[in-house]
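These are the residues of each chain, in order.
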Amino acid sequence: MSTSFDDIALQQQRYTMDSEEAARQRAVLMAMVAGESTLLRRGRRRRSLVIAVAVAGIGLAGVGTAAALGVFSEKPADRSIAYCYGSTDLSEDASNRVEFAVGDASGTGDAAAQGLEICAIYWKSGVLSLESPTIDPTIIADPGGNAPVPPLTACIIPSGQLAVFPGGNAVCGSLGLPNAEV
Amino acid sequence: MDRDEILWRRTLDGDADAYGALFERYRDRVYTHCLQRTLSSSESEDITSEVFAETWRRRDKVILTEAAGLRPWLLATANNLLNAGWRKARTARFAMHKLRPEDVPDIAEEVTEEAARDHHLRLLAMTLASLSRTDRDVVHLCVTQGLSPSEVARVTGESAGTVRSRLSRALVRARGQFFGLLEQNDEQSSNQGELK
């Protein structure tokens, strides 16, 4: 055999990762970046809010915005798992929702904002789609991440966990659920 | 196409799409790099995933090179992860003084169909496995992945001269090991031919 080590080492043959596995990894990594960035931005936003309140004084204190709008809101009681729903069907089926973790290591963090950002990625990458009712998180319909994202709203489901549904601000109420408190 | 530097800067600003683009750009290179060492598609997939997760976790330390962007960092990270599990794997599966190409089918069962057919991939993996850790890393990064010694030096923190001289010595050993494996293979093939 005339093959030398240099021949095969320089061959530089490229193997291709399984496309479903690659799509799954991509979605997880993007969620990781989006999740942590939400926490970072939340810190900045809260500082801005403190300044705004200091300037405005206490004149606006009194009726909470949520109560004024008749919107009932809650924080998630269980932050270990949250869900992105592909429709307003509340069934707890894996083909109907994708699960993810929210919050930082201390168990704090803006779970609702983080969940909305992570779920938007699932919609953008086509894992969730209004046209396809069954979810398969291993299949990415749009690897380019350009699939449409509907309006999303974070609610609290009866198990006390955060769930992000497609729909406007009224979607939680229409499902008999409280909005997630941001 | 955006340069790595731009995508990485956007990633640091929390742009998940930018990190997704970097993953798309390098995932198969990292995967191939791991496959050349592990001969296992599932193990290589796992390590590839961990390489990108670890890069994000250690984002404050990441170094990009001018010519090769994020690639040297990713491959060096892959080497670190491979080396962490390599000693165990090597003890369990790669008793190199006994290993012959035809001893690999139990590993090859895990390999992608395409890779299983590639005899050269096996020879390369076995040659790399027979080298010391430092020799293996430098040969793998510079020869099979085509990085320059200075690019490797940037991410390992060594001087380019050190990497260059190590590569030179390691290549002599790699060629010797490879030649030995080929001889074993030829001998085995001719013995099998005589038995038939």
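Residues numbered from 1 in each chain as written. Chains lettered and ligands numbered in written order. Predicted model: local features only at pLDDT ≥ 70, side-chain atom pairs only at ≥ 80, totals over all residues.

Description of the overall build of chain B
Part 1: Of regular secondary structure, chain B possesses 10 helices and 0 strands.
Part 2: When the helices and strands of chain B are placed in sequence order, the string is α-α-α-α-α-α-α-α-α-α.
Part 3: In chain B, which comprises 196 residues, the proportion classed as buried is 43%. (Helix = DSSP H or I, 4+ residues; strand = E, 2+ residues; numbered from the N terminus. Buried ≥ 20, exposed ≤ 12 C-beta atoms within 10 Å, placed from the backbone.)

Things to note about the overall build of chain A
Part 1: Within chain A one finds 5 helices and 6 strands.
Part 2: Secondary structure elements in chain A, listed N-terminal to C-terminal, are α-α-α-β-β-β-α-β-β-α-β.
Part 3: When burial is assessed residue by residue, chain A has 36% of its 182 residues classed as buried.
Part 4: Restricting to contacts in chain A with at least 6 residues of sequence separation, those with at least 24 account for 62%. (Contact = placed C-beta atoms within 7 Å.)

Observations regarding the nonpolar core
Part 1: Counting residues in each nonpolar core, the largest one holds 87 residues, and the members touching the most others are M30, C84, Y122, C155, A163 and V164 of chain A together with L22 of chain B.
Part 2: Setting aside residues up to four positions removed in sequence, L22 of chain B forms contacts with D4, L7, W8, T11 and L70 of chain B. (Core = buried A, V, L, I, M, F, W, Y, C linked by C-beta atoms within 7 Å.)

What to know about helix 8 (residues 133–144) of chain B
Residues and elements named next belong to chain B.
Part 1: For helix 8, spanning 12 residues, the distance from its first C-alpha to its last is 16 Å, which sits close to the expected 16 Å at 1.5 Å a residue.
Part 2: In terms of burial, helix 8 is a largely internal element, 10 of the 12 residues being buried.
Part 3: Every buried residue belonging to helix 8 is among D135, R136, D137, V138, V139, H140, L141, C142, V143 and T144, and all of these are buried.
Part 4: Positive backbone phi, at 70 degrees, marks G146, one or two positions downstream of helix 8. (Expected span 1.5 Å × (residues − 1).)

Considerations on the packing of helix 2 (residues 16–38) of chain B against helix 3 (residues 41–57) of chain B
All names here are of chain B.
Part 1: Packing of helix 2 against helix 3 leaves a shortest axis separation of 8 Å and a crossing angle of 135 degrees. By the angle class used here, helix 2 and helix 3 are oblique. As helix 2 packs across helix 3, the resulting crossing turns out to be right-handed. Contacts between helix 2 and helix 3 involve Y19, F23, R27, V30, Y31, C34, L35 and T38 from the former and S41, E43, S44, E45, I47, T48, V51, F52 and W56 from the latter.
Part 2: Among the residues making up the contact of helix 2 with helix 3, the classes are represented as 10 nonpolar, 4 polar and 3 charged. (Axes fitted to C-alpha atoms, helices over the stretch in contact; angles between N-to-C directions. Parallel < 35°, antiparallel > 145°, perpendicular 65-115°, else oblique. Left-handed = near helix turned anticlockwise from the far one by under 90°. Nonpolar A, V, L, I, M, F, W, Y, C, P; charged D, E, K, R; others polar.)

Here we look at the environment of F100 of chain A
Residue and element names in this part refer to chain A.
Part 1: With respect to the helices, strands and loops of the structure, F100 is situated in strand 3 (residues 97–100).
Part 2: By the C-beta count within 10 Å, which is 21 here, F100 ends up buried.
Part 3: Distance from F100 to C84, taken between C-alpha atoms, is 7.9 Å for residues 16 residues apart in sequence.
Part 4: Excluding residues that lie within four positions of it along the chain, F100 makes contacts with A31, A82, C84 and I118.

Remarks on the pairing of strand 5 (residues 161–166) of chain A
Remember that side chains alternate between the two faces of the sheet whenever the strand is regular.
Residue and element names in this part refer to chain A.
Part 1: For strand 5, the tally of buried residues reaches 6 of 6 residues, placing the bulk of the element in the interior.
Part 2: Residues of strand 5 alternate between two faces, with Q161, A163 and F165 on one and L162, V164 and P166 on the opposite face, all of them buried.
Part 3: The sheet contact formed by strand 2 (residues 78–85) and strand 5 spans 3 bridges and is parallel. By the bridge assignment, D78 is partnered in strand 5 with Q161.
Part 4: Hairpin connection from strand 4 (residues 152–156) to strand 5: 4 residues lie between these consecutive antiparallel strands, with G160 at a positive phi of about 85 degrees. (Pairing = 2+ DSSP bridges.)

Quick notes on helix 2 of chain B
Part 1: The sharpest bend along helix 2 of chain B reaches about 45 degrees and sits at Y26 of chain B.
Part 2: At the C-terminal side of helix 2 of chain B, L39 of chain B shows a positive phi close to 55 degrees. (Bend = angle between axes of the 7 residues up to and from the residue.)

Some thoughts on the confidence of the model for chain B
Residue and element names in this part refer to chain B.
Part 1: Chain-level statistics for chain B give a pLDDT mean of 78 and a share of 76% at 70 or above.
Part 2: Across chain B, the element-wise mean pLDDT spans from 40 in helix 5 (residues 105–108) up to 95 in helix 1 (residues 4–12).
Part 3: Considering only residues more than four positions removed or in separate chains, one finds that residues 86–113, a stretch of pLDDT under 50, has 31 contacts.
Part 4: Overall fold confidence for the complex sits at a pTM of 0.56, while the interface term, ipTM, reaches 0.75. (pLDDT = per-residue confidence, 0-100.)

A word on the pairing of strand 4 of chain A
All names here are of chain A.
Part 1: The buried fraction of strand 4 is high, at 5 of 5 residues.
Part 2: On strand 4, burial covers both faces: L152, A154 and I156 on one face and T153 and C155 on the other are all buried.
Part 3: In the sheet, strand 4 pairs with strand 5 via 5 bridges, with the strands oriented antiparallel. Looking at strand 5, one finds that I156 is bridged to L162.

Points about the confidence of the model for chain A
Residues and elements named next belong to chain A.
Part 1: When pLDDT is averaged across chain A, the result is 70; 65% of the residues are at 70 or more.
Part 2: Per-element mean pLDDT across chain A ranges from 38 in helix 3 (residues 65–68) up to 93 in strand 4.
Part 3: Below a pLDDT of 50 lies the segment residues 38–70, which in the model reaches 15 contacts outside its immediate sequence neighbourhood of four places, other chains included.

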